[in-house]
Amino acid sequence: MAWIIVVLVILLLPVAITAVHFWRRSAELARLLDHANERRREIGSFLNRFSTGLQSEEGVAGAMHAAARHVAEQTDAEAVAIYEMAGDELRAIGVCGTYPLVHSTNKVLFSKHHHLFEALRRERIAPGQGFLGGIVVTRQAELVPDASADTRFVEYPEYSTLGSVMAIPLLRDGMLVGVVCAATNRRRPGSSFSEAQFERLRLLSGQVLMVQNLVQVYSEISRRERIDQELEFARHLQMSLLPSAFPAWDQFSIDAYTRSAKEVNGDFYDFVEIDNNRLLIIIGDACGKGIPACMLTAMTRSFARSLADNFTTLSDFLKQVNNKLHRDTDADRFITLGCCLLDRSNSLIEFGRAGHTDLVTYVHDHIRIVSPDGTALGILPDDFATFDTICLAFEPGTTLMMFSDGLSEALDKNAEEFGIERLTEVFRRSCEQGGTPQVIMDRILNVVADFEEEQNDDQTIVLIRHTGKI
């Protein structure tokens, strides 16, 4: 009978050992799960507080203040400040409590949170400057039991009353991006922070780093939204400056179209009525792209319209616009302009240009290119700027094309330009096929679009046609 008991014990012993090991492992996993759940709840609470701060009137600063409060509560610290690297220096971006590491002697700072933060925000801490500057250099976490006995803190007015201080460097991909610093042990006033509190701050620094990353993303999104809003405003402003309708000018039909390479356009066109018989048709192309080019076109349009009431000759008009732009713009900003002065009473067209592309005419199945001399506007002072013009009889059946170099300089996948020859040939064929100016423009633009790999420059075209009987 005894041997049966021995055999049973031998058989059951591994089972018992396995059961004990399983129980211990289960208990360990349960403990780890509880810890993970606690961490998850803690991070969830932290992120909720962060988002609430972000939605406050203080915005990003409010979120960083909320992060500082969270760290202070979790470490039992009286005050916490969060710093970020601004170039080679530290600057405060969030603070909680009566934070003593500030250089100002104004006692009012410590009674008003926003006063304290403004004082901290203006300070810059260079590498090696005092305690925090030393953290920048060493990138090592530090726990100081009594800051009043540490000479690295003598620069602060409250030096003699400082308690315990601890700081953790914030590292992202091996780069120092900031420091989180806690001052004064709230759990045991007058005593040093414990190792447990120090370790707690070290763990929380990961959350602070996460907040900094979120703030960076949020700030970038906000910056892009602001840029998008500004571009949208500029686009609407520019579209409002373009003529909403094309002038009906007896037997002359005029049409135009522009398409941007970017959100806003550096090209423009306009129609300015000089008197009952003369219409000035303008096409322009500002150097560069985007908002600066858009603003230059708006200035040019404004100058051109302001000069219409005192218009004398086309050459004089270009000289006056040049004078205003040369006076009011930087040396590296300029615009090219092409101008057609249509005289309907005499069926004449006068063309002048300021560094712009040629005027291309189609009459009696023939192409003619008109190229008077003239420099771009805004480059040369009035004494050196000259503008020639050419006057042509505008016969019935004639079509004129003004265009920006975004069409002739369009590139295919091999970086070959569309070129003036192709453009004039497409213009000739389109005129031969007939149709309204809009139809002719669409044919030209579609051929260019099929040719180019990607639109890299603004493209504008203006067509003027004599619709009278030949």
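The shown structure was predicted, so the numbers you read here are calculated from the model rather than taken from an experiment.

With that out of the way, let us pick up the packing of aromatic side chains. Under the defined criterion, the tally for this structure stands at seven aromatic pairs. Measuring from ring centre to ring centre gives 4.7 Å for Phe131 and Phe153, while their planes differ by 25 degrees; the resulting arrangement is stacked. Residue Phe131 is located in helix H4 (residues 130–138), and its partner Phe153 is located in the loop between strand E3 (142–144) and strand E4 (165–172); the two are separated by 22 residues in the primary sequence. Accessibility expressed as a relative area gives 0% for Phe153, which makes it buried. A cation over a ring is seen here: Arg202 above Phe198, with NZ or CZ 5.1 Å from the ring centre.

With that settled, the discussion passes to the nonpolar core. Core analysis: the biggest nonpolar cluster contains 48 residues, and Leu280, Ile281, Ile282, Phe317, Met402, Val462 and Ile464 have the highest contact counts within it. The residues touching Ile281, leaving out its near neighbours within four places in the chain, are Ile254, Asp270, Phe271, Gly338, Cys339, Cys340, Leu342, Met402, Val462 and Ile464. One finds Val102, Leu116, Ile135 and Val136 within the second-largest nonpolar core, a separate group that totals 29 residues.

In terms of burial, strand E15 (residues 459–466) is a largely internal element, eight of the eight residues being buried. Burial along E15 is two-sided: Gln459, Ile461, Leu463 and Arg465 facing one way and Thr460, Val462, Ile464 and His466 facing the other are all buried. Pairing geometry for strand E6 (residues 252–259) and E15, over eight bridges, is antiparallel. Bridged to Phe252 within E15 is His466. Sheet topology places strand E14 (residues 399–403) next to E15; five bridges connect them, and they run antiparallel. Across the sheet, Met402 pairs through a bridge with Val462, a residue of E15.

On to the sheet that holds strand E7 (residues 267–273). Overall, antiparallel pairing links the five strands, which are arranged E7-E8-E9-E10-E13 in an open sheet. Only two strands of the sheet have a single neighbouring strand rather than two, namely E7 and strand E13 (389–393). Averaged over all neighbouring strand pairs, the angle between strand axes comes to 15 degrees, with direction disregarded. Pairing between strand E9 (residues 335–343) and strand E10 (residues 348–354): six bridges, direction antiparallel. Across the sheet, the residue bridging to Asp343 is Leu348, located in E10.

Turning to the environment of Leu314, a few remarks are in order. Following the sequence through the fold, Leu314 ends up in helix H7 (residues 314–328). Each C-alpha atom, one on Leu314 and one on Leu341, is 7.4 Å from the other, the two residues being 27 residues apart in sequence. Sequence-distant contacts of Leu314, defined by excluding residues within four places in its chain, comprise Leu280, Cys339, Glu350, Phe351, Gly352 and Thr389.

Reading the values: the criteria
Residues numbered from 1 in each chain as written. Predicted model: local features only at pLDDT ≥ 70, side-chain atom pairs only at ≥ 80, totals over all residues. Heavy atoms only, no water. Phe/Tyr/Trp six-rings, centres within 6.5 Å; stacked < 30°, edge-to-face > 60°. Helix = DSSP H or I, 4+ residues; strand = E, 2+ residues; numbered from the N terminus. Buried < 20%, exposed > 50% of the residue type's maximum accessible area, 1.4 Å probe, protein only. Lys NZ or Arg CZ within 6 Å of the ring centre and 35° of its normal. Core = buried A, V, L, I, M, F, W, Y, C linked by side-chain atoms within 4.5 Å. Contact = heavy atoms within 4.5 Å. Pairing = 2+ DSSP bridges. Axes fitted to C-alpha atoms, helices over the stretch in contact; angles between N-to-C directions.

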